[in-house]
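Overview (structure and organization)
Given next are the chains, with one letter for each unit.
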Amino acid sequence: MRVAETNAGDLLELDDIKVKLSGLQILDGVTIRVPRGLVTGLIGPNGAGKTTVFNVISGFVKQDSGSVTYEGRKLRHIKSHHLAKMGISRTLQGVGLFASLTALENVMQGGSSRLRSGILSESFAMPWTDVEQERLRVDALAALDRLGIADQAERLPSELPYPIQKRVALARALMPNPKLLLLDEPAGGVSAGDMAELSSLIRSWVPERSVLLVEHHMELVMAVCDLIWVLDAGKVIASGTPDEVRNDPAVLAAYLGEEGAA
Ligand SMILES: Nc1ncnc2c1ncn2[C@@H]1O[C@H](COP(=O)(O)OP(=O)(O)OP(=O)(O)O)[C@@H](O)[C@H]1O
Ligand SMILES: [Mg+2]
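Residues numbered from 1 in each chain as written. Chains lettered and ligands numbered in written order. Predicted model: local features only at pLDDT ≥ 70, side-chain atom pairs only at ≥ 80, totals over all residues. Heavy atoms only, no water.

Remarks on the packing of helix 3 (residues 103-110) against helix 5 (residues 162-174)
- One way to put it is that helix 3 packs onto helix 5 with a least axis distance of 7 Å and a crossing angle of 30°. Between helix 3 and helix 5, the crossing angle belongs to the class labelled roughly parallel. Crossing hand, helix 3 versus helix 5: right-handed. Residues Ala103, Asn106, Val107, Gln109 and Gly110 of helix 3 form the contact with helix 5, whose own contacting residues are Val168, Ala171 and Arg172.
- The class makeup of the residues in the contact of helix 3 with helix 5 is four nonpolar, three polar and one charged. (Axes fitted to C-alpha atoms, helices over the stretch in contact; angles between N-to-C directions. Helix = DSSP H or I, 4+ residues; strand = E, 2+ residues; numbered from the N terminus. Parallel < 35°, antiparallel > 145°, perpendicular 65-115°, else oblique. Left-handed = near helix turned anticlockwise from the far one by under 90°. Contact = heavy atoms within 4.5 Å. Nonpolar A, V, L, I, M, F, W, Y, C, P; charged D, E, K, R; others polar.)

In structure tokens, the structure reads:
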């Protein structure tokens, strides 16, 4: 197994993370690093533990052992509602938009952590001042516009095709101006034609931001990632550049195993 060496310039490091859920060892000593200013991929067959890694980083799942270091500081109790203030944003494997809010309101909600009143206090009807709300609205519209969907601002998620909903979720994740973007399968449901656009969009965020990308579309992964970590059954089985990973026998075996099981 080849594992990329550690580097002092890393934004995020997971060291020997172990997680058991319902008695099953889901992550079994996962060590990965996410360098600053790069697109880092996290790939592996279904059930490998990729989303669980995101859940640990974002405080939805507490590891049994091992550490998470962000910007050189060990994070002891990760609270999901502190993520935006730490500069970490995440998109979910599905879409995760609020069904009763318009696309614009969903994106505005992504920027609400910078308001004094914080995130979704009671409902969307929060004690925001008109000035704050107007500023958020302008920023959210600009975020939708950068993703080419400003004309969909007033629609509810249920009125939008799935790939557009995914874009709304991306716009929402960008609202807090994150240093680190955790993207869980952003290409799910995206047509082959839109894949190139998604690639250049992701590349446009670095080096200002750092990206950790979970994705099954190998074409996209190989095109956008600088560094890739490969998980299988809760363990890192390989890491390196796209070319190194593509030709790694352990990676080929893991994916062949998946096809055999399907
Ligand atoms: N709360 C839970 N309790 C028990 N098992 C769980 C729980 N959450 C996830 N798992 C199991 O952990 C394993 C890893 O799940 P995870 O969602 O992290 O995989 P993944 O790599 O993201 O897969 P996919 O590519 O299908 O999204 C799977 O076998 C899953 O069934
Ligand atoms: Mg997953």
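Some thoughts on the coordination of the magnesium ion (ligand 2)
- Thr51 (OG1) and Gln93 (OE1) make up the full set of protein donors to the magnesium ion (ligand 2), lying at 2.0 to 2.2 Å. Of this pair, Thr51 sits in helix 1 (residues 50-57) while Gln93 is found in the loop between strand 6 (88-91) and helix 3, placing the two residues 42 residues apart along the sequence. (Donors = N, O, S within 2.8 Å, 3.2 Å for Na, K, Ca; no water.)

Re the environment of Ser100
- With respect to the helices and strands, Ser100 occurs in the loop between strand 6 and helix 3.
- Considered as a pair, Ser100 and Ser158 are 58 residues apart in the sequence and their alpha carbons are 9.1 Å apart.
- Excluding its chain neighbours within four sequence positions, the residues that come into contact with Ser100 are Glu105 and Leu156.

Some words on the packing of helix 3 against helix 4 (residues 130-146)
- Two numbers describe how helix 3 lies on helix 4: the axes approach to 9 Å, and their chain directions differ by 110°. When the interaxial angle is binned, helix 3 and helix 4 end up roughly perpendicular. Read as a crossing pair, helix 3 and helix 4 show a hand that is right-handed. Along its contact with helix 3, which presents Leu104, Val107 and Met108, the element helix 4 presents Gln133, Leu136, Arg137, Ala140, Leu141, Ala143 and Leu144.

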